[in-house]
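Inside the fold
Chain by chain, the residues:
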Amino acid sequence: MHKKHFLFLFILTLVSKISFSNTEFRDLEGKVFNYPGPNCFGVAMFANDNVRTIRGVDLEEFSSFVMASCQRVESPIAGDIGTFHNGQDFIHAFMYLGNDFVLEKTGVDYLGQTPIHIRDISHTIFTFEASPECRRYGRGDRSCYNKLAFYRCQKGVSYHGEILSSLEDKIESGFKSLLEGEGILEEVVIELTELILDYERRVSLEPRNPMLSGRVISYQKQLLFLKRSI
């Protein structure tokens, strides 16, 4: 086969494989953030329309979300959330886009900006299924491997009353502006500090809700990332 013809077929195949992804997801490819915090859990939940903006999502919030709003499935379809679990906790999450492609972010930006990627799931599996040490010294024993699982989750942000929802709108709007390079850091951080304190106080008055408790932790940690940047 002529090289040019082969290259054309390869590009055509690749385009057909990524055609499933709507404009919103394609626009996320390569996206980076001005400050640390946004992580794999935040991207997966945002892509599934469960948080208002991409931000840091703590393990407790993500785990509570999966328990309350998701059903494990054996065969994923586009829109399902994929996870890796080490036997104790979730260590990674991504959005399955179909045709063996995923949407994911693989870092919290401790050491520099980590972009959101759309890529083949084989890359994700190789990265998160087992550590280099496990692959090297495990001698084929898969007991050190992390477990891949897929979940079909309820879509849409959960609302917990008018006051809490209004506070969440304001908090996540503040995060979004700073993480995307808008607003004055010091001023928005002061505002966010007050909003999150109010949110935490109001959540403490509600019947115990692991999702809300986890969200408080997420907000506090994302705020801490921002404060460290001042």
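If you're wondering where the values come from, they're calculated on a predicted model, not measured in any experiment. Per chain, residues are indexed from 1 in the order of the written sequence. Local features in a predicted model are, by the rule used here, given only for residues with pLDDT of at least 70; side-chain atom pairs are given and counted only at 80 or more, and totals for whole chains, interfaces and linings are based on all residues. Heavy atoms throughout the structure, all of them, feed into the side-chain values; hydrogens and water do not.

As for the packing of aromatic side chains
Cut-off, in case you're wondering: Two rings belonging to Phe, Tyr or Trp (six-membered ring only in the last case) form a pair when the distance between their centres is within 6.5 Å. Interplanar angles under 30 degrees mark stacking, angles over 60 mark edge-to-face geometry, and anything in between is tilted. Counting from the N terminus, the helices are DSSP H or I runs at least four residues long and the strands are E runs at least two residues long. Note on exposure labels: buried denotes an accessible area under 20% of the residue type's maximum, exposed denotes more than 50%, and partly exposed covers the range between, all computed with a 1.4 Å probe on protein chains only.
On inspection of all chains with the given rule, the structure shows eleven aromatic pairs. Ring centres of Phe41 and Phe62 lie 4.4 Å apart, and the angle between their planes is 10 degrees; this geometry places the pair in the stacked category. A residue pair is termed long-range when its members are at least 10 positions apart, and Phe41 in helix H3 (residues 40–47) and Phe62 in helix H4 (residues 59–69) qualify at 21 residues. For Phe41, a relative accessible area of 7% corresponds to the buried category. When the ring of Tyr110 is compared with that of Phe225, the centres are 5.9 Å apart and the planes differ by 55 degrees; the resulting orientation is tilted. Of the two residues, Tyr110 is situated in the loop between strand E4 (101–105) and strand E5 (116–120) and Phe225 in helix H9 (residues 210–228); the sequence distance between them amounts to 115 residues. With a relative accessible area of 64%, Tyr110 lands in the exposed category. Given the relative accessible area of 15%, Phe225 is considered buried.

Some thoughts on the sheet that holds strand E1 (residues 70–73)
The condition that has to hold: Paired strands, as defined in this entry, are two strands with at least two bridges between them according to DSSP. Here, axes are lines fitted to C-alpha atoms. For helices the fit covers the stretch in contact, and angles between N-to-C directions go from 0 to 180 degrees. When checking whether two residues touch, look at their non-hydrogen atoms; a contact exists if any pair is within 4.5 Å.
Taken in spatial order, the six strands make up an open sheet running E1-E6-E2-E3-E4-E5, and their pairing is antiparallel. At either margin of the open sheet sits one strand with a lone partner, and together these are E1 and E5. Across the sheet, the mean angle from the axis of one strand to that of its neighbour is 35 degrees, orientation sign disregarded. With three bridges connecting them, strand E3 (residues 90–98) and E4 associate as antiparallel partners. Across the sheet, Gly98 pairs through a bridge with Phe101, a residue of E4. Across the sheet, H3 lies against strand E2 (81–85), E3, E4 and E5, angled at about 35 degrees from E3, the strand it touches most. Together, E1, E2, E3 and strand E6 (147–153) form the strand contacts of H4, whose direction differs from that of E3 by roughly 55 degrees.

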